[in-house]
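The primary structure of each chain is shown beneath.
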Amino acid sequence: VKHLIVVAHPVEKSFTLALAHAYAEELEKIGQVQQTRDLYRMGFDPLMSADELASGASGDAAKAQDDIRAADVLTVVYPLWWLSMPAMMKGYVDRVLARGFAYESEKGNVRGLLEGKKVIMITISGAPLPLLIASGNWNAVQVLQDTHIFRAAGFTLLEHLHIDKVAPDMPKAIADKHLARVRACAQEHFRGNLL
Ligand SMILES: Cc1cc2nc3c(=O)[nH]c(=O)nc-3n(C[C@H](O)[C@H](O)[C@H](O)COP(=O)(O)O)c2cc1C
């Protein structure tokens, strides 16, 4: 199984990056092939230009589409910012999951073109998940991100692993527990699965 991990957080030493690296490391431990794209460190340009909107992906977005073509499983890792994704990740979605590559639409009906590929979402928030659920916010996240972006593009969502109550002063024991959850996620889905 070939994995593409796409992570968006401006700080290299952030917990978001730590989760992505732990997940990648665990995949390699069980014999999986992975490549990680750290959008900020790559200097990915999240802005859709008029030219690109008219003529399709170019430059780093075209390369990112090649990454997806080559992958069986896409794993995205990002924090919830204003209940949404960081602008960097949103720009990746805008430019890379573009019409003609990730979807076609006719009279408002969207058809995903990435059928057969799988996606795992790993998101984090400061807010506790039960609070997000009770307020209806979690439903909004799932509608806009899980369903409207990734499922609409044709991906099968294997898991949306959400790590909540992430704070800068988080005790190490809690951080380790969260890192163990992403490692377990890699194991659960892909141990022994070397297709
Ligand atoms: C611009 C910005 C907006 C955020 N918006 C939310 C939010 O809407 N809900 C939430 O629970 N946490 C929010 N957070 C907190 C993040 O989801 C996350 O918990 C925090 O960035 C810690 O992760 P890190 O150590 O990897 O940065 C926000 C953080 C930033 C910087």
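Quick caveat, the model's predicted, so the values are computed rather than measured.

Further remarks concern the overall build of the protein chain. Scanning the protein chain from terminus to terminus reveals 8 helices and 7 strands. Taking 195 residues into account, the globule formula puts the C-alpha radius of gyration at 16 Å, and the protein chain, at 16 Å, falls close to it. Dimensions of the protein chain along its principal axes, counting C-alpha atoms only, are 50 × 40 × 30 Å. Taking all 195 residues of the protein chain together, 46% fall into the buried category. Long-range pairs, those at least 24 residues apart, make up 80% of the contacts in the protein chain with a sequence separation of at least 6. For the protein chain, the accessible area works out to roughly 10,000 Å², and carbon and sulfur atoms hold 56% of it.

A word on the environment of A152. Tracing the sequence through the fold places A152 in the loop between α7 (137-151) and β7 (156-163). When the C-alpha positions of A152 and L113 are compared, they lie 8.7 Å apart, and in sequence the two are 39 residues distant. Beyond its immediate sequence surroundings of up to four residues, A152 is in contact with V110, R111, G112 and T147.

Further remarks concern the nonpolar core. Grouped together as the largest cluster of nonpolar side chains are 33 residues, with contacts concentrated most on I68, Y78, M89, Y92, L97, F150 and F155. Elements supplying a minimum of two residues to this core: β1 (2-7), α4 (59-70), β3 (73-79), α5 (87-96), β6 (118-124) and α7. Element by element, the count of residues in this core is highest for α5, at 5 residues. If you look at the next biggest cluster of nonpolar residues, it comprises 27 residues, including I5, V7, A22 and L27.

This part covers unusual backbone geometry. Despite not being glycine, L83 shows a phi value in the positive range, around 70°. Looking at L83, the relative accessible area reads 29%, which means it is partly exposed. With a phi close to 50°, K107 is a non-glycine residue in the positive phi region. Take K107: it is sitting in the loop between β4 (103-106) and β5 (109-112).

Criteria and thresholds
Residues numbered from 1 in each chain as written. Predicted model: local features only at pLDDT ≥ 70, side-chain atom pairs only at ≥ 80, totals over all residues. Heavy atoms only, no water. Helix = DSSP H or I, 4+ residues; strand = E, 2+ residues; numbered from the N terminus. Rg over C-alpha atoms; globule rule 2.2 N^0.38 Å. Buried < 20%, exposed > 50% of the residue type's maximum accessible area, 1.4 Å probe, protein only. Contact = heavy atoms within 4.5 Å. Areas by Shrake-Rupley, 256 points an atom, 1.4 Å probe, with all protein chains shown as cover. Core = buried A, V, L, I, M, F, W, Y, C linked by side-chain atoms within 4.5 Å.

Honestly, it's all geometry; don't read function into it.
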